[in-house]
Every structure is written in structure tokens, then in C-alpha cells.
Amino acid sequence: MTPRTWKIGSLFLLLLLAVLVPVLFGIGGPTNLLEQVFAFALFAMSYDLLIGYTGVVSFGHAVFFGTGAYVAGIFLVHSGGSTAGLLMGIVVALGVSVLLSLLIASISLRIRTVYFAMITLAVGQTFYVLAGSQMLQPLTNADDGMTVPLPVWLMHDRTVYYVTLLVLVCCVWLLRLFVRSPVGQVLQGIRENEGRVLALGHSVYRFKAVAFVISGLMATIAGILYVIAQTFVSTGVYDVSISLDVLLMTIIGGVGTLYGGLLGALLIIGAQTEFTNLAGTFPIFGRYTILFGVLYIVIVRFMPRGIVGTVAQALKRWSGQEE
Amino acid sequence: METLLEVTNLHVNLAGYHILQGVNLTVPEHAVTVLLGRNGAGKTTTMRAIMGYLRAAAGEISWRGQPLAGLRPYQIARRGIGYMPEEGHLFGNLTVQENLAMVGTKGTQHAARLERALTLFPDLRTAWARRAGTLSGGQKQMLGLARLLVADPALMLIDEPSKGLSPGMVEALAATLCVLRETSTILLVEQNFHLARQVGDYFSVIDEGHTCLSGAMAQLVERADWQRQYLGLAVTSGEV
Amino acid sequence: MGIYLTLALNGIVNGSLYFLMAAGLTLIFGLMRVVNFAHGGLYLWGAYLAAFTFATTGNFTLALAGGAVVAIVLGVVMERGLIAFVYHNENGQLLVTMGIMLILTELIKVPFGPSELSANTPNDLSNSWLVGQVVIVQYQLFMIAASVIVFLLLLWVLHKTRLGMIVRAGVYNPELVEACGIAIRRVFTMVFAVGAGLAGLAGAIAGPYLGAVTPTMGFDMQLNVFIIVVVGGLGSLTGSFVASMLIGILTAVVSFYFSSLAVLVNVLVMVVVLLIRPQGLFGERESPA
């Protein structure tokens, strides 16, 4: 079997499994967890578009995720959970996301990657503080967060599950299209060798900006999925720790592999849930972030391609030898 | 004459490429050995391997009969090998004075060596407090050579000092190298054959990563066919 | 009038604390170009250890020393063990040091818990005076003095000693420093240790000023200090000092009027400075060797 058939086969199997979960395990615990995984998987993949395809690290990608969650949440709350409110929320969230990413890109993508990391971190912090500020209390309910009402047709857990799954699958397909498009090819060229792409006459900045905007849009959609799945939104969605968790999901799965984020989200959210449960009996497990910190180091040091990248490489070598 | 440095069957891999595949080199004391060869033949790589910046995949580099393998560059420098790289041979953010102080300011001989360097390169005296990065191309070469003079190593590795200099400055450089030759042992990388034949006692040609010819410079000067074959020079020797 | 003077004084005190922290980052990030996103973790550990030491022994000098020493030890372990393999790999540094930051921030909660630990001001430094309409706190004067001393001391070492010369040379051209017979890796580790120690000292001094130390103080501080180092110009101590005061005063003023915008204002300052002078206020244009 070629790596390609492996990839398609495993993705298909995963999809089948995901479709069958509510049938096999019922709804409630497992589907709630998976809805979160789907939202974060999309979030992580959007991040991979940035770090894996343009080589810039952001410490504030939660800005988009949080904005998606908040804007959708605000519109749902203030429309009393109507479908029109949800649609308006989605449209406005995507619009805000594009403006925000263009603004951040225009000030920070031209400079060193370190500065980009700093600026994204700072913008994320600002949104975190703003969302919790008393000034915006009428809109965001400040530190207390908002419980978000959903349209009637989205009330059922099973519907929410399949809607998030469907959106994830569609977005994965779109991301795949983008990565394989001529623009996506140039982006991979940028990652490999910025100088050469420059010599070919491409404006590196523009391509990076396009990737950043699309990445931001996908993260915004992830935030909207998250608020639909959780029916609650609070300043936590803007927290640095969210950006850092997602960064970890991306690098564990494999930077530049696109699909790595799926695996990374499953692993990290699964681990978080498991550790939080364990912490009930053994408080030390509440400090699982230590382990996440160690993972950061271990992956950069020993597994820079992440799990998916490493496996893909091994398969390639293996099938290469077979021939 | 004692052999200072002996390189035997040196192999070096760089970024997955087998750059050096059998370099042999003998550097006798009190003489100038010139390393010749085309661009990309492996001359600079050989020097960097001698200095310990690059690890040898195979072969041996021995200094006064002792192997240098496993030593860090600063340890090799302390054994008495000075190095002037082709690029980045000075600290542009430091003053001329500080550049010269980098190799140490202690020792009884220091003042005398500094005096000698400044007599040889009077320009540096006037530029004493200037930042090295603001010097002219020729002055930068002088500063690089002056640092070697002040350090006074048993062996000087000098990588293509003539690069980027005007013909007039190359003549001045040749004169300088001839002065250095009186007191020092030098291993010189040089593509400018006209300069090489003026200062060199011995030569060694590297091509595609291995040594293909070595001997006395006088022999090479005689043999136009060798020059054509190994250096790609025109029929009349000396013209570059 | 009194309010402006108070804000200015608060700003200078903020700036002093920023500079104590920024000085170390100027060495590590500004000069050595190691993107140390764990710098706030060193500050955090220095703060906790000092608060704990002072609470148990009552000796403030010992507390300061303890804060600096723990950060030096952590810094050397970090540099030797983890950062050494990501030199010349900026994204690697970002990820590895952020990993270390997570570990340090989380690990401190194991002995001290996730909530705050109060940090007391020593009696010798707890006087205050009312001058006109402005309250002058003795501990704040101590902070200003400490930052000025650190500034002058570092300036002297960097520009008037042989060690400083080697550090400057090593930043410019590390290979050539080795060719001069100097073990540059050892020098770099030492510079990293000094930078880490300064972060620990800053944390130790910050504790009594803030009244309490919390696990999030490292993160909060770190971002501002990175901004300061960039605004001042990478590698310029004077730039860091000026930028510290600038950002300190701005933070004091902005938080007085709109507290939630303080971080954003700092970022805006950084963006504006980078647009007008990409090399920072006192930085030099990067030129090839």
C-alpha cells in the first residue's frame, strides 16, 4: 500500500467511526467531548496553516477562536436564540475575523517572526482583558460569561454533534483544497526557502497574509462550533493557555501535515479530560500542564514532524523499500 | 624542516554532502604553503576542518605529531593556530583597538608585536578608535592580518585575503605576505595564482574534494600544462 | 497637579521594575538573540523563593540573593540542557522556552498552591513620606536605586571590561571569537546565567512592591518586557532603560484612565516604533559581518 492509500483509508475509517459514535455509545458524555475535539481539531488545523505552511508562530491564535465564540454568542443571546441571530452572528464573526487578521497581518507579518509571536500574544491578552472588562459588561456579561441559547432545531445533542462533524469535514476539505492550490504550493515554498520564492517574483508578504486570513477564518469557525457545542462562552476562550494548548495540538499532530491537528486535538482534549477526572482523587494530576510543557520540549527535540509527520515518513520509507 | 601540520586522507560531510573525500596536506614550518583549486573545490572546508569548526568523517589532522580530533576551535587556537576566514574576519561592532585586543593584551611580547603590526599597517594607527565595520575593504584586510600578527600563532591559516581587492591592493597584500613569511608559517588559500606564486614556497591543489597535486611552487611555475590542467589557467602563466 | 506627579512617580517605579527584568532579557534576547519566553518563569521563581525566604528568615538580603540564585541555577540548566540544541532555530526557541515557561508556572503551584502568597516589605524599607501632595514610599525609592545601579553596572561591564568586549564580539561573530582562543560557549552560558539572575532579582524585588506573588505574574510581566527590549532596540541597554521608563509611565497613565487597554497601548507603542525605526529607539541596523 502506498502512503496515499493509507492516508485516505485511515481518514475514511475515522469519519465512519465519528458518524457511528452516537449510535454506538449514545449521546451525552462521549459526543460532548467529541464536539469539543471537532472544534479544537479545526482550530489546530487552522493553526497548522499558519505555522506549518508559512513558518510563523503565533501565541495568540485564540483571538480568532474567541472572537468567533463571542460574536456568535452575543448575537444568539441578544436575538433570544433565533436562527436569524445565529446566521447574523456567523456572518459578522467572519467579517470581524477578516478585518482583524488583515490588521494584524499589516502590522506584524512584515517583521521578524519573534515580533509576530509577541504581537499576537499581546493582542490576545488585550481581547482577554476587554472581554472581561466592566466597560463591555452589557455586551459580554464581563467576567461571568454568557449562557448561550440555541435555535430550536439545534437543541438536540445529536443534531449538534452531526452539525459540528459536518462543518469540520467541510472545512477540512476546504483546507485541503487551499493547501493543494497554487497559492498553497507557493506557501510551502516559502516555508522551505523564502529567498528562492522571492527570487521567483512572488510577494512573500501577500501569500503569508492570505494564509493568515484563511487561518483566522477557520479558527473563527472553530470558535463558533465551540460556542454551539458548549452553549456557554466566557473570557477563557481568549486565554493564552487556549492558544498554547492548540499550538501543542498542532505540533504533536505534526506541523505542516494539516491532518495532524485532528489527532493532536483528540489527544490533548482526551488527556485534559482524563487528568481533570483523576485530579478529583489525586490532586497532583491537576498540574497536568507540566506534562504539556515537557511535551513541547520533547517534540521539538525528538519529533519535530509530530506523530502524523513521523508516521508518514516511516510509511514512505517502508513502501519505498518494498518497491 | 619540521612538519607543523599534517592532514591525512581527510573526509568531511556537510549537510548530507560528501564535501571532502580525501585531502592530504603537509605544512612545513617556516614556509608558505598555498592551497589552490577552483571555487567550491573544498579549500575553505579544509581550513574549517583544521580549525575544528567541522568534524572529520574520516582521516586525521595532526599538529606537531599530535591528533587534533575532538578539540574545540578555541582549544585548537590555543595550540598555536591562528585563522583569518575569508568572510567575517573582524568584529565590525568593535573598534580597531578592541579587535586587536581580542587575541589578548598580556605577555611581554605583546607590545612589541602590536608595534610591529602598526608599523606594517600605519592606517590602523589613524583608525585606532574607529569601528572596524566602517573601514575600507583594504583596511579590513589589514586589520585581519594585524590581528594574526599580534596573536603570533605558530601557524597562520589565511583564507583568500585577495578577494575583492583592487589589483593595486593585491600588490600591497603580496608585499605584506612576504614580510609575514619571514617570521611565520602560513597556510594560504588563494585563487589568484599571480599572488600565490609570489609568496608561496609549496602548493597543494584540491579538486572536487580531494588533493590531486602537491609540490614545490617553483615546479608549478615551470609547468604551464599543470596550471592549465589543474587551475584552468590560460597558456601564459601568471596571467589570471 | 498632585495626581500627575503621583502618576509620573508610579510610572518611574513601574519602569524601574521593568528595567530590572528587561536588563536580563536585553542580555539574553537582545544580545544573544535567544528568544527566551521562559524569562517570566525565572522572574516568577525568584519572586516566590524570595517571598518564602523572607517570610521564614526575615532576612531581606538573603531573600534577594535566594531569588537571584534560584533563577541562575534554573537559567544555566535551561541553557545547557535545552536551549543549546535550538540555537539558530528561532521557532524551536519559541516553542521550547514556552514549554519551559509552562513547566515553571505550573510547577510553582505544587509547593505553594495556585493562589497568591503574600510578600512583605522589610521594616527598614517601609517608611513613607508625604511631600506636597505626593506620597513617597521608601521601598519604591529602593527599586529606583536598584534599577539605576544595575543599569550603570551592566553598562560598565559591557563597555569597559574585557569580558564585556568578548560578549559584544561574540554576539557579532562567535566563530571568530573561538578562533581567538576563547571558549565562547562558556561565555554565552555565563551571560545567560547573569540574565537569568537579573530576572530572579527582579522577581524578588517585585514581590514586596506588588504585596503578593502569584503564579501568573511571570506571564504578565514577560510580555511587557519583550516589548520594552524591542522598542529600546535589540541589544541596547540604554534603549531598554529608556523604553522601560517610557512604557512604565505609559502603563501608569493608561491604567489610571482605562485599565483594560494598558497591554494594547504597549503593543501600539511597539508597532509605531517598529514602523518608524525598525531597529528600535537605540538599536543599530543589522549589517552583515
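Now for a quick tour of the structure.

The rules behind each value
- Residues numbered from 1 in each chain as written.
- Chains lettered and ligands numbered in written order.
- Predicted model: local features only at pLDDT ≥ 70, side-chain atom pairs only at ≥ 80, totals over all residues.
- Heavy atoms only, no water.
- Helix = DSSP H or I, 4+ residues; strand = E, 2+ residues; numbered from the N terminus.
- Buried < 20%, exposed > 50% of the residue type's maximum accessible area, 1.4 Å probe, protein only.
- Lys, Arg positive; Asp, Glu negative; His and termini not counted.
- Salt bridge = Lys/Arg side-chain N within 4 Å of Asp/Glu carboxyl O.
- Core = buried A, V, L, I, M, F, W, Y, C linked by side-chain atoms within 4.5 Å.
- Domains from an automatic or database assignment.
- Contact = heavy atoms within 4.5 Å.
- Patch = residues over 30% accessible without salt bridge, like charges linked within 9 Å, V, L, I, M, F, W, Y side chains within 5 Å.
- Areas by Shrake-Rupley, 256 points an atom, 1.4 Å probe, with all protein chains shown as cover.
- Pairing = 2+ DSSP bridges.
- Axes fitted to C-alpha atoms, helices over the stretch in contact; angles between N-to-C directions.
- Buried area = accessible area lost by both parts, 1.4 Å probe.
- Polar contact = N/O pair within 3.5 Å; in protein donor to acceptor, adjacent residues only side chain to side chain.
- Nonpolar A, V, L, I, M, F, W, Y, C, P; charged D, E, K, R; others polar.
- Parallel < 35°, antiparallel > 145°, perpendicular 65-115°, else oblique.
- Left-handed = near helix turned anticlockwise from the far one by under 90°.

## Quick notes on the side chain of E35 of chain A
So, point 1. One can find E35 of chain A in helix α2 (residues 29–54).
So, point 2. Although buried, E35 of chain A forms no salt bridge, and the nearest oppositely charged side chain, R158 of chain A, lies 10 Å from it.

## Notes on the nonpolar core
So, point 1. Membership of the largest hydrophobic core comes to 234 residues, with the highest contact counts inside it found for F40, F59 and L247 of chain A, L5, I81 and M102 of chain B together with F29 of chain C.
So, point 2. Residue contributions to this core peak at 15 residues, all from α2 of chain A.
So, point 3. Composition of this core by domain shows at least three residues from each of domain 1 (3–80 + 153–237) and domain 2 (89–152) of chain B.
So, point 4. Apart from the residues lying within four places of it in its own chain, the contact partners of L5 of chain B are L25, T26, V27, I50, I61, S62, W63, L68, I81 and L155 of chain B.

## Description of a nonpolar patch on the surface
Residue and element names in this part refer to chain A.
So, point 1. On the surface, a nonpolar cluster with roughly 690 Å² of combined accessible area is contributed by L15, L16, V19, L20, V23, L24, F25 and V169.
So, point 2. Tallying contributions element by element places helix α1 (residues 3–25) first for the nonpolar patch, with 7 residues.
So, point 3. Within the secondary structure layout, L15 lies in helix α1.

## Comments concerning the sheet that holds strand β9 (residues 202–207) of chain B
All names here are of chain B.
So, point 1. Pairing within the open sheet is mixed, and its 6 strands lie in the order β6-β7-β8-β3-β9-β10. Because the sheet does not close on itself, it has two edges, and the strands there are β6 (81–84) and β10 (210–216). For this sheet, the mean inter-axis angle between neighbouring strands, taken without regard to orientation, is 15 degrees.
So, point 2. Where strand β7 (residues 155–159) and strand β8 (residues 185–189) come together, 5 bridges link them in parallel fashion.

## With respect to the interface of chain B and chain C
So, point 1. With 24 residues of chain B in contact, the opposing surface of chain C contributes 20 residues.
So, point 2. Interface area, chain B with chain C, both sides summed: about 1900 Å², of which 55% is carbon and sulfur.
So, point 3. On the chain B side of the contact with chain C, Y74, F91 and M102 of chain B bury the most area, a combined 31% of that side's loss.
So, point 4. Summed over the shared surface of chain B and chain C, the result is 3 salt bridges.
So, point 5. Where R48 of chain B meets E175 of chain C, a salt bridge forms, and the shortest distance between an N and an O atom there is 2.8 Å.
So, point 6. Applying the counting rule to chain B against chain C returns 11 residue pairs in polar contact (both at pLDDT 80 or more).
So, point 7. Broken down by secondary-structure element, the contributors of at least two residues to the side of chain B that touches chain C are α1 (43–51), α2 (73–79) and α3 (96–101) of chain B.
So, point 8. A total of 4 residues in the side of chain B that touches chain C trace back to one element, the largest contributor, which is α2 of chain B.
So, point 9. Here the residues of the side of chain B that touches chain C sort into 13 nonpolar, 5 polar and 6 charged.

## Some points on the packing of α2 of chain A against helix α12 (residues 260–281) of chain A
Residues and elements named next belong to chain A.
So, point 1. Where α2 contacts α12, the two axes come as close as 8 Å, and the packing angle between them is 135 degrees. If you check the angle between α2 and α12, you find them oblique. Where α2 crosses over α12, the handedness of that crossing is right-handed. Two secondary-structure elements touch here, α2 through L33, L34, Q36, V37, F40, A41, A44 and M45 and α12 through G261, L262, A265, L266, I269 and T273.
So, point 2. For the contact of α2 with α12, the per-class residue count stands at 11 nonpolar, 3 polar and no charged.

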